[in-house]
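Residues per chain, in single letters:
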Amino acid sequence: MASSILRNPMLSSPTTTITTPSLPSSSSKPSPLSFRFPPSHHRSSLSLRIKSLRLSCSLSDPSPPLRRRRPEYIPNRISDPNYVRVFDTTLRDGEQSPGATLTSKEKLDIARQLAKLGVDVIEAGFPAASKDDFEAVKTIAETVGNAVDGDGYVPVICGLSRCNKRDIETAWEAVKYAKRPRIHTFIATSDIHLEYKLKKSKDEVIEIARNMVKFARSLGCEDVEFSPEDAGRSEREFLYEILGEVIKAGATTLNIPDTVGITLPSEFGQLIADIKANTPGIENVIISTHCQNDLGLSTANTLSGAHSGARQVEVTINGIGERAGNASLEEVVMAIKCRGDHVLGGLYTGIDTRHIVMTSKMVEDYTGMQTQPHKAIVGANAFAHESGIHQDGMLKHKGTYEIICPEEIGLERSNDAGIVLGKLSGRHALKDRLTELGYVLDDEQLSSIFWRFKSVAERKKRVTDADIIALVSDEVFQPEALWRLLDIQITCGTLGLSTATVKLVDADGKEHVACSMGAGPVDSAYKAIDLIVKEPATLLEYSMNAVTEGIDAIATTRVLIRGNNNYSTTNAITGEEVQRTFSGTGAGMDIVVSSVKAYVGALNKMLDFKENAPTKVPSQNNNVPA
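I will try to describe carefully the structure that is included in this document. This is a predicted model, so every value here is computed, not measured.

Concerning the packing of aromatic side chains
Evaluation of the coordinates by the stated rule reveals four aromatic pairs. Between Tyr 83 and Tyr 348, the aromatic rings sit 5.3 Å apart at their centres with planes inclined by 70°, giving edge-to-face as the arrangement. Of this pair, Tyr 83 sits in the loop between α1 (43–57) and β1 (85–88) while Tyr 348 sits in the loop between α10 (329–339) and α11 (356–367), and the two are 265 residues apart along the sequence. Looking at Tyr 348, the relative accessible area reads 7%, which means it is buried. Consider the rings of Phe 450 and Phe 453, whose centres lie 6.3 Å apart with planes at 40°: the pair is tilted.

Regarding the pairing of strand β4 (residues 181–188)
Most of β4 sits inside the fold, with eight of its eight residues counted as buried. Across the two faces of β4 the burial is the same, with Pro 181, Ile 183, Thr 185 and Ile 187 and Arg 182, His 184, Phe 186 and Ala 188 all buried. Both strand β3 (residues 156–162) and β4 contribute to a ladder of six bridges, which runs parallel. Residue pairing across strands places Ser 161 opposite Thr 185, the latter belonging to β4. Following the chain from β3 across helix α4 (residues 165–175) to the adjacent parallel β4, one finds a crossover that is right-handed. Examined bridge by bridge, β4 and strand β5 (residues 224–229) share six bridges and lie parallel to one another. From the neighbouring strand, Ile 183 faces β5, where its bridge partner is Val 224.

Quick look at the pairing of strand β16 (residues 581–588)
Counting buried positions over the eight residues of β16 gives eight, a clear majority of the element. Burial of β16 is two-sided: the residues Thr 581, Ser 583, Thr 585 and Ala 587 facing one way and the residues Phe 582, Gly 584, Gly 586 and Gly 588 facing the other way are all buried. Across eight bridges, the pairing between strand β13 (residues 555–563) and β16 is antiparallel. Bridge pairing links Ala 555 to Gly 588 in β16.

With respect to the sheet that holds strand β11 (residues 511–518)
With respect to topology, three strands assemble into an open sheet ordered β9-β10-β11, the strand pairing being antiparallel. Of all strands in the sheet, those with a lone pairing partner are β9 (483–491) and β11, marking the two edges. Each neighbouring strand pair of the sheet contributes to a mean axis angle of 20°, computed without reference to strand direction. Sheet topology places β9 next to strand β10 (residues 498–506); eight bridges connect them, and they run antiparallel. Counted as the bridge partner of Trp 483 is Asp 506 from β10. Across the sheet, helix α16 (residues 521–533) is in contact with β9, β10 and β11; its angle to β11 comes to roughly 140°. Its contacts with the sheet place helix α17 (residues 591–611) against β9 and β10, and it is angled at close to 145° to β9.

Looking at the nonpolar core
Ranked by size, the top nonpolar core spans 109 residues in total, and within it Val 119, Phe 226, Leu 254, Ile 256 and Leu 434 carry the most contacts. If near-sequence neighbours (up to four positions away) are discounted, Leu 254 is found in contact with Phe 226, Leu 243, Val 246, Ile 247, Ile 282, Val 285, Ile 286, Ile 287 and Ser 288. Counting 26 residues, the second-largest nonpolar core is a separate cluster that includes Ile 529, Ala 537, Ile 561 and Leu 603.

Calculation criteria
Within each chain, residues carry numbers counting from 1 in the order of the written sequence. Given that this is a predicted model, residues contribute local features only at a pLDDT of at least 70 and side-chain atom pairs are listed and counted only at 80 or more, while totals for whole chains, interfaces and linings are drawn from all residues. With hydrogens and water excluded, all non-hydrogen atoms of the structure serve as input to the side-chain values. Only the six-membered ring of Trp is used, alongside the rings of Phe and Tyr, when aromatic pairs are assigned; centres must lie within 6.5 Å, and planes under 30 degrees apart are stacked while those over 60 apart are edge-to-face, with the rest tilted. Secondary structure elements follow DSSP: runs of H or I no shorter than four residues count as helices, runs of E no shorter than two count as strands, and numbering proceeds from the N terminus. Only protein chains enter the accessibility calculation, which uses a 1.4 Å probe; a residue whose area is less than 20% of its type maximum is buried, one above 50% is exposed, and one in between is partly exposed. Pairing between strands is defined by DSSP: at least two bridges between them are needed. With the strands aimed away from the viewer, a crossover counts as right-handed if its path from the first strand over the helix to the second runs clockwise. Each axis is a line fitted through C-alpha atoms, taken for helices only over the stretch in contact, and angles between the N-to-C directions span 0 to 180 degrees. By the convention used here, residues are in contact when the closest approach between their heavy atoms is within 4.5 Å. The definition of a nonpolar core used throughout is a set of buried Ala, Val, Leu, Ile, Met, Phe, Trp, Tyr and Cys residues joined through side-chain atoms within 4.5 Å.

Structure (structure tokens):
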């Protein structure tokens, strides 16, 4: 099934042409990013600065400027010193979030959407983790990694590996089919990791890093990224030394991870500046950032690193990832877009921000990781104004309380739209509204959505944008259907036991019926499904939300399950075997139906993973040439 895309040709990325001082040379030490407004002794100068700031990102600008052209891709060099590469690791680090398991098809859909977004590098996964991961990365490399657009853009496809030959060979076998393949290899460098995890000396780690980068280059890979894990807590002189050695060995990008999210923006900016000033050969590579969000500072640290000389930022959609997550792509990109000229020395990216909302929604629905309402840029409340003072200002001029046009990120507000959908609306009106919302569906998808829409419209006076988005998510963002719900009948109440009869259809079109009793309608329905599917699972989480107000609202349900047959995979960072969980979502006006769809979706993910049984990989302690 083709994935939906965002398209609005009337919008373009606004930028403001401003002459700014050139960045410091590699021999100087640029100051870390400061978040204070520059002092000014003249009111007119301050007023002009505020006015230009407002024009860069708000509806105040009547004529959207042209987007800046993306420089030609060269692994270890960027021709424009102000360009920042965006390295998306949603499919690797993002998938390590508990419950964020993705099927191969879902990974491919997200990779295609990331290409539409315009990311420079897609870290498609950790190929050595499992057979499923390997095949997913390989498929992405073969398809998305060769889809060159009219401007010559095609994303780099990257595979992660630890510093051992087996991991690196596996990564290369997966990514080598891409037009621009990259291997990303790493080893820890902090004292606490050397002593307790690796149990190796600094000299041993330098030797491993040097040899493994050379080995990656010897396979034919001309684009090799190296990361000193836990760089934020590593000794400076040791960092300079190991980074200098991997540069000589052939690394093209040096990624500096704040693996445990411990640094403050001033510290991380200074770390990047110090590496830029003291590492031999640094002028021959790209410096990258990878900031975790344990203290809620990942976006600030990433911006500070870019201001200090990093020209690649590693991010994830919605900021998902290990523990508290990663730097959020939408936050970093929009901060650079809004403040790049004014505060960051002219920095810019190649991201088409009109695809942000669509990409965020796809990742949210596929992973089951719901975005909090107050999330910057893509949260439900990001462009909501409830305070009377704010509403008054918005009615007079949207720039009073909005620094970003919602249309810039692909968000259409329903109160600005002229079409009101109801039970008399036809297929054409629905298609137009879907296009305005950013969805372009094929005929089969549109037909499925239309009949779901008509069913809802018969029972609701007005169908809102939120209703439509929920229906699209329920149809388009579902996993491959090994099992599909056909019918369900529930008997429940205070006078007897809850009973559910469920009819499912398997992949061959054969119908299966089962009946069960339970503690309530959902419990009895889930037990009936278990009788049909015969794949034991434990329900870990169950949540439900109404997408609109009112008793007739559509309900969206999310479940998280764990298979009782110990489905496991390898954690890329620790090398430990971790038990996988699987999420599912469903939507409908009947909460039992939406609950059943969510459970069947989670089971479909689990069964799809079962068909691609994981393979074993060496543990992190085997970080030696193999």
